[in-house]
Amino acid sequence: MTAPRTDKIAYGGDYNPEQWPEPVWDEDHRLFDQARIDTLTVGVFTWSLTQPAEGVYDFTVLDRILDRAAAEGRRVCLATGTAALPPWLARAHPEVNRTDFEGRRHGYGQRHNFCPSSPAYRRLSTAVADRLAERYADHPALLAWHINNEYGGACYCDLCAAAFRVWLRERYGTLDALNHAWCTTFWSHRYTDFGEIEPPSALTEHWRGPDHTAFQGITLDYHRFMTDALLGCFRAEKEAIRRLDPETPVTTNFMGMFRPLDYHRWAPHLDFASWDSYPPLDAPPTMAALGHDLMRGLKDGAPFWLMEQTPSTTACRDVNPLRRPGELRLATWQAVAHGADAALYFQMRASRGACEKYHGAVIGHAGRADTRVFREVAEVGQELAELGAVILGARTPARTALLFDWDSWWALEISDGPSRLVHYQQVVHAYYRAAREAGADVDVVPVTADLTPYDVVLAPALHMVKGDLATRLEAVAARGGTVLTTFLSGRVDEHDNAFLTDVPGPLAGLMGVRVDEWDSRPADTVNPVVLGAGDDALHTEARLLFEIVLPQGAEPVGTYQADFYAGTPAVTRHPFGESGGEGWYVATALDQPGVDWVICRVLARHGLVGPYAGQPSVETAARTAPDGTRLFFLLNHAPDPVSVTAHAAAVDLLTGKQVERGEALTLDPRGVCVLSLR
């Protein structure tokens, strides 16, 4: 299965008309026409409406919603509504309520409030999915199935404990294998029966919260188990739908760099990837871009759907800044530039009550068409109506890969030592940001991905090395490519046990270094680092962790300037193989200018520094359409105009203007240019 079949980039968003009287629907659809809205996500939280009691279904309202959409020429992503329990279910089957990390069984409330191991939840959620598929599989408005919503959270109840033991038996086969993997000879933990194993929680192996565990192995496996348990709920609903509807694509909305769930384990089970983008509005543009590229990488580079973004402001944070004029358009085109084939908002009309009544919406409570936000939404809708067919299905021709690994993320941040101040997401973002601001298109891929298409592979904080990954990274360098990794990489195996060899473990041969010691310091401790020499030298700073490197064939590229290891390598480069390949090792947390310096030199040796490197407010991205049309996006993230020089002859698809190579281009404040290269 592939993404939904549309004739342009889908445009619209979450629509909850069940919250308002039907006369309001007339006004909604009139405004949808003005804004060129063609796609609606409906039914996300309708379980208590469509099933008011066990065994009782009422699709009256949902029928009217879908029929109205079809009559208006709009398509629907139909949700199964199973992300929030109806009150009757929690009362009839109290075991469906989650038990939290502290061991407290919750009462009814909120959303994402179900135990994924509950037979009652599994039976009733698949039953409602089955009924929805039976009723709407052939509905003319149906475009895609949207199962549940923003899966997340964890449960520690007795049902989950029993399911965890079954999962462990299937994973390890024997207690001897499990005891070896978890290093249970430590602290007299050797298990003699699977029934002795308890979920790792505040009542068992943890103190000071979920990241402080005495046994990393069991905590790591519980993360994996909970990922699989929630995935099992998704798969059960998908199978129920597939029995009656074998053709309509199925998805669920991810949340980008969401630590609790390993989306790489989910990706094969989705027909297309989709996600909800809510970066802090003061975050650098590369934070949202990293989320987009991660989602694109889930399905081998296939376009994804931007299932939610705010048109104006969020409501879930302590402070919720407003998107400035032009930021909505810029964020939408950024998603498209990175591979989105749909741009949808949350929400279409502002909720009347409850915790999202102040969340941004395309249509406010007053239902006006003359607000700034509505006008901007309508302007973007007009642009996508005109250009969406040209871009649809286009893919990104990246030659740089960045490895993203949930296991490394979990293992690094639940580890006691070397430093709890090192955060995986921040390290990964620093290297991604440097590559993107240098003008490289980047595929963010799992450690299992095929690496043969790439000249450069970035593997920051690759804490865990599994399977044949080290061999495949060596193959990249052996054919002339460059592999970069950093401090705290190559430390542990798939069970979070240290390699019984020199650091960086299986990566040592490629990197040409040995690390015997490392110095962890508070965030305000700085060790100056000099990168390069002569006119090329950069004086920069490093913090948090300082590995003391003994070159084993590698040559220093940068050196520490302070402490007893002053003059020793902080960054190294190691020639590898007979084709000019290299392995780069960064032994400390360089500041962003230092990371930029290193990445620019790695990319430059492969001709991957873009024509607009050095203009950090200007983001570039490329997509190649199915007919071979090459599309080049220029996005100005500055609140002021920016002038650039066209790097190739092209047509600006947004204005129709012919652009010649070398011609000056002026990007408006937060402006966008979509070039079709000639």
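Calculation criteria
Residues numbered from 1 in each chain as written. Predicted model: local features only at pLDDT ≥ 70, side-chain atom pairs only at ≥ 80, totals over all residues. Heavy atoms only, no water. Helix = DSSP H or I, 4+ residues; strand = E, 2+ residues; numbered from the N terminus. Buried < 20%, exposed > 50% of the residue type's maximum accessible area, 1.4 Å probe, protein only. Contact = heavy atoms within 4.5 Å. Lys, Arg positive; Asp, Glu negative; His and termini not counted. Charge placed at Lys NZ, Arg CZ, Asp CG, Glu CD. Salt bridge = Lys/Arg side-chain N within 4 Å of Asp/Glu carboxyl O. Core = buried A, V, L, I, M, F, W, Y, C linked by side-chain atoms within 4.5 Å. Phe/Tyr/Trp six-rings, centres within 6.5 Å; stacked < 30°, edge-to-face > 60°. Lys NZ or Arg CZ within 6 Å of the ring centre and 35° of its normal. Axes fitted to C-alpha atoms, helices over the stretch in contact; angles between N-to-C directions. Parallel < 35°, antiparallel > 145°, perpendicular 65-115°, else oblique. Nonpolar A, V, L, I, M, F, W, Y, C, P; charged D, E, K, R; others polar.

Q: Explain the overall build of the protein to me, please; I cannot follow it from the model alone.
A: For the protein, the helix and strand inventory stands at 17 helices and 27 strands. When the 678 residues of the protein are sorted by exposure, 59% land in the buried category. Here the contacts in the protein between residues at least 6 apart in sequence split such that 72% fall between residues at least 24 apart. The distance from the centre of the 62 positive side-chain charges to the centre of the 87 negative ones in the protein is 3 Å.

Q: Explain the pattern of salt bridges here, please?
A: Close approach of charged atoms lets side chains of opposite charge pair. Taken as a whole and assessed by the stated rule, the structure comprises 49 salt bridges. Taking the shortest distance from any N to any O, the salt bridge between arginine 68 and aspartate 26 comes out at 2.8 Å. Highlighted residues: arginine 68 in helix α3 (residues 60-71) and aspartate 26 in helix α1 (residues 22-35), separated in sequence by 42 residues. With a closest N to O distance of 2.6 Å, arginine 349 and aspartate 28 form a salt bridge. Here arginine 349, found in the loop between β9 (340-345) and α12 (372-391), pairs with aspartate 28, found in helix α1; they are 321 residues apart in sequence, far enough to count as distant.

Q: Mind showing me how you'd approach the nonpolar core here?
A: Nonpolar side chains in soluble globular proteins tend to be buried together. Within the largest apolar cluster, 193 residues are counted, with the highest numbers of intra-cluster contacts made by Trp182, Trp333, Leu473 and Val598. The element that contributes the greatest number of residues to this core is helix α8 (residues 216-244), accounting for twelve residues. Dropping the residues within four chain positions of it, valine 598 is found in contact with Leu484, Leu531, Val571, Trp584, Val586 and Leu590.

Q: Whenever I open this one, the packing of aromatic side chains confuses me. Can you help?
A: All chains considered together, the criterion is met by 36 aromatic pairs. An angle of 15° between the planes, with centres 3.8 Å apart, marks the rings of phenylalanine 254 and tyrosine 263 as stacked. Pair check on accessibility: phenylalanine 254 and tyrosine 263 agree, each one buried. An aromatic cluster of at least three residues, connected via ring pairs, comprises Tyr151, Phe234, Phe254, Phe258, Tyr263, Trp266, Phe404, Trp406, Trp409 and Tyr424. Here the basic side chain of arginine 98 rests over the ring of phenylalanine 114, its NZ or CZ set 5.1 Å away from the ring centre. Arginine 349 extends its terminal NZ or CZ atom over the ring of tryptophan 20, reaching a point 5.9 Å from the ring centre.

Q: When you look at the packing of α1 against α12 in this model, what are you seeing that I'm missing?
A: Two packed helices can be described by the angle between their axes and the distance between those axes. In the contact formed by α1 and α12, the axes pass within 7 Å of each other and the chain directions differ by 55°. As the angle between them shows, α1 and α12 are arranged oblique. Judged by residue contacts, Leu31, Gln34 and Ala35 of α1 engage Phe374, Val377, Ala378 and Gly381 from α12. Counted by class, the contact of α1 with α12 contains five nonpolar, two polar and no charged residues.

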